[in-house]
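Inside the fold
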Amino acid sequence: LKALQEATIDTFFDDAEIRIGDVLKPELENAIKSSRASIIILSPNYASSTWCLDELALIMDQPKHIVCPIFYHVKPSDVRKQRNSFGDAMAEHKQRMETESDEVKRSKLGKKIEKWKKALTEVADIKGVEADGSRRETIIIEGIVKEISSRLELHKRSEIPKLIGMESSVRIISSFLNNASSHTTEFLTIWGMAGIGKTYLADYTFKLHYLEFESSCFLEDIERRCTQPNGLLELQKQLLKDIRVRGWMDIDNVSAATLKIEKSLFRKRTLLVLDGINKFEQLDVLIGTKGLHPGSKIIITSKNGSLTEKCRLFETQVPPKHTKHLLQGLN
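Throughout what follows, the structure given in this document is the object of discussion.

Cut-off values and rules
Residues numbered from 1 in each chain as written. Predicted model: local features only at pLDDT ≥ 70, side-chain atom pairs only at ≥ 80, totals over all residues. Heavy atoms only, no water. Helix = DSSP H or I, 4+ residues; strand = E, 2+ residues; numbered from the N terminus. Buried < 20%, exposed > 50% of the residue type's maximum accessible area, 1.4 Å probe, protein only. Contact = heavy atoms within 4.5 Å. Salt bridge = Lys/Arg side-chain N within 4 Å of Asp/Glu carboxyl O. Phe/Tyr/Trp six-rings, centres within 6.5 Å; stacked < 30°, edge-to-face > 60°.

1. A closer look at the overall build of the chain
When helices and strands are tallied, the chain shows 13 helices and 8 strands. When the backbone C-alpha atoms are referred to their principal axes, the chain occupies close to 75 × 45 × 40 Å. Split into buried and exposed, the 331 residues of the chain put 45% on the buried side. Contacts spanning at least 24 positions in sequence make up 76% of the contacts within the chain whose residues lie at least 6 apart.

Take a look at the structure:
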């Protein structure tokens, strides 16, 4: 708990020792539903607690929820197949159900047991941390905090500064991002002269809205970075890293990276900001030509408002919807 708090992660810790009744407390249920991540410590006696099993079932039902299981002196296979202490505990729950004289309660408990079994199987299939005593627990904790911090994308949670004189543009871009269509991908090009604030505006609205998407990435200063050695490949690898694609470090050529990007963007509803585009070919390389997941939003900043529709994605049978926003100077 202390390690998570020191990493500026808002943490709710369920440490109640005495639990009465079969229903989760409302504050605990609300904490789970409002959280973005859960760390589940699966110890040998975990499955003997109906409270813990109810928590687990609720956690596994949450959409887009990050789950980090810690197998504390238990094997994932025992959790998955409910063997050893997990098998004993589930057998006790089943026996209690069978001896229940009230038919309604028996039926209710039977349904709960099925949910618990399903949740245990699902959590065991997630890649977690095995704490079996072979490594120091301080090292394990440090690794868990790093993993949670990375997946919560804490580096994007820096304080959003005040933005003066661009309120109208912020409203336009926020409306574009909030207008979530489940059938199409939408592009917005913010264009205007150099130094007028396109990057700052895109960064500001990105920080306001990135948590509303499954994955997100802000690629800054593309025009300059493309002039550096392997600049385009480095941009691709940053994109893949930010949208959490495994194996991004091993990619060594632009074509392979584009294929991986295409597959990844097709699977996830993504917010992507491409800042400083000066050639439409950069778009072909950074987003591919196969199409994106419906509901994805792409924001492009450029000095040239006509570049976006020249990329190959707009030559497909159903081209994306495109909006332009001319950013003018302050009055």
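2. A word on the pattern of salt bridges
One pass over the full model with this rule turns up 10 salt bridges. Its salt-bridge partner being Arg83, residue Asp78 comes within 3.3 Å of it at the nearest N-O pair. Residue Asp78 is classed as buried on the basis of its relative accessible area of 9%. Salt-bridge contacts for Glu142 lead to Lys146; the nearest nitrogen and oxygen are separated by 3.5 Å. Remark: Lys146 and Glu142 occur in helix α7 (residues 137–151); sequence separation between them is 4 residues, near one turn of the helix.

3. With respect to the packing of aromatic side chains
One pass over the structure, following the stated rule, counts 3 aromatic pairs. For the ring pair Phe187 and Phe314, a centre distance of 5.3 Å and an interplane angle of 65° mean the geometry is edge-to-face. Separated by 127 residues along the polypeptide, Phe187 in strand β4 (residues 186–191) and Phe314 in the loop between β7 (297–302) and β8 (321–326) bring together distant segments of the chain. Considered together, Phe187 and Phe314 belong to a single accessibility category, that of buried residues.

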